[in-house]
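This is what each chain is made of:
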Amino acid sequence: MPRIARKDLNTSFLHVMVQGVNKEYIFNNTKYIEQYLRLIRENKAKYEFTLIAYCIMNNHAHFLVYTEDINSFGKFMQRINFLYAQMYNKKEKRCGVLFRNRYQIEPIYDIKHLINCIKYIHLNPVKARIVSKCEDYVYSSYLDYIFNKGATQSEVMINIFGNKCDYLELFNQTNEKEFMDIDNSYDKKYYIVEGIKEFTKENSIEIVEIMSDRERLKQLINFLKNEWGINYIEISKFFEMSRGIIDSLKTK
């Protein structure tokens, strides 16, 4: 792996969040959390990405990953969430969707963003008042950073920080308030572009063809809304269309 420039990490670094539908507690006991982590460990090697940080909470989970193949990572997320939902629904005697929309993504653009993201993920259980210190929460990668093992010893992290990085000292120099929760604020433009890529690939059509075909455009807009969770206001801004035009293209 070539050395990664600290000033420009590019969007191979992704902050990812999954959440229970209607914010339900889908990881509501230790057995369920351990099962989700087991699925991650068992399936990770089959896909092309590096898991840098994670934290599993009661109704959502955060991951920070490095991947040069977002499609491969997407297949990984699809697989573990499908397997987990299948298991959870059987045990809870429920049916239907378990996860809210798809996973959400925020690309990481620079080293400060990366460090704040790792710190933000590990602080989740402290902010939720589950524990008073990050090291007391066992369902995150925080202890990897404390003991300099696991995630910190991945090739990608060594290329950025070197072999003997003091992560705690590094994180103390940053401010987690500068990093917002992607449930409330994430790169919508990036998310829309990924949705368009999926739609055009699935339908073997170019975006220029869609823009000149009202029915196809209607299908795309509603695909972004229903499958990717993008609201109509953001779609309107992205395509530079009036709300009136967007309203006319909504599925009735």
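Further up the page is the structure itself.
A short tour of the structure in this document, coming up.

Digging into a nonpolar patch on the surface
Then comes step 1: Nonpolar side chains collect at one region of the surface, where Ile146, Phe147 and Leu168 lie side by side and expose about 260 Å² of accessible area between them.
Then comes step 2: Summarising the element assignment, Phe147 is placed in the loop between helix 4 (142-146) and helix 5 (155-161).
Then comes step 3: Phe147 sits in the exposed class, given a relative accessible area of 56%.

Focus: helix 10 (residues 232-239)
Then comes step 1: Those residues of helix 10 lying buried are Tyr232, Glu234, Ile235, Ser236 and Phe239.
Then comes step 2: Backbone geometry just after helix 10 places Glu240 at a positive phi near 55 degrees.

Let's talk about the sheet that holds strand 1 (residues 13-19)
Then comes step 1: Strand order in the open sheet formed by four strands is 2-3-1-4, with antiparallel pairing between adjacent strands. If you trace the sheet from one side to the other, it starts and ends with strand 2 (50-56) and strand 4 (104-107), each paired once. Averaged over all neighbouring strand pairs, the angle between strand axes comes to 20 degrees, with direction disregarded.
Then comes step 2: Pairing of strand 1 with strand 4 involves four bridges; the strand directions are antiparallel. From the neighbouring strand, Met17 faces strand 4, where its bridge partner is Gln104.
Then comes step 3: Running at roughly 170 degrees to strand 2, helix 1 (residues 30-44) makes contact with strand 1, strand 2 and strand 3 (60-66) of the sheet.

Thresholds, definitions, all that
Residues numbered from 1 in each chain as written. Predicted model: local features only at pLDDT ≥ 70, side-chain atom pairs only at ≥ 80, totals over all residues. Heavy atoms only, no water. Patch = residues over 30% accessible without salt bridge, like charges linked within 9 Å, V, L, I, M, F, W, Y side chains within 5 Å. Areas by Shrake-Rupley, 256 points an atom, 1.4 Å probe, with all protein chains shown as cover. Salt bridge = Lys/Arg side-chain N within 4 Å of Asp/Glu carboxyl O. Helix = DSSP H or I, 4+ residues; strand = E, 2+ residues; numbered from the N terminus. Buried < 20%, exposed > 50% of the residue type's maximum accessible area, 1.4 Å probe, protein only. Pairing = 2+ DSSP bridges. Axes fitted to C-alpha atoms, helices over the stretch in contact; angles between N-to-C directions. Contact = heavy atoms within 4.5 Å.

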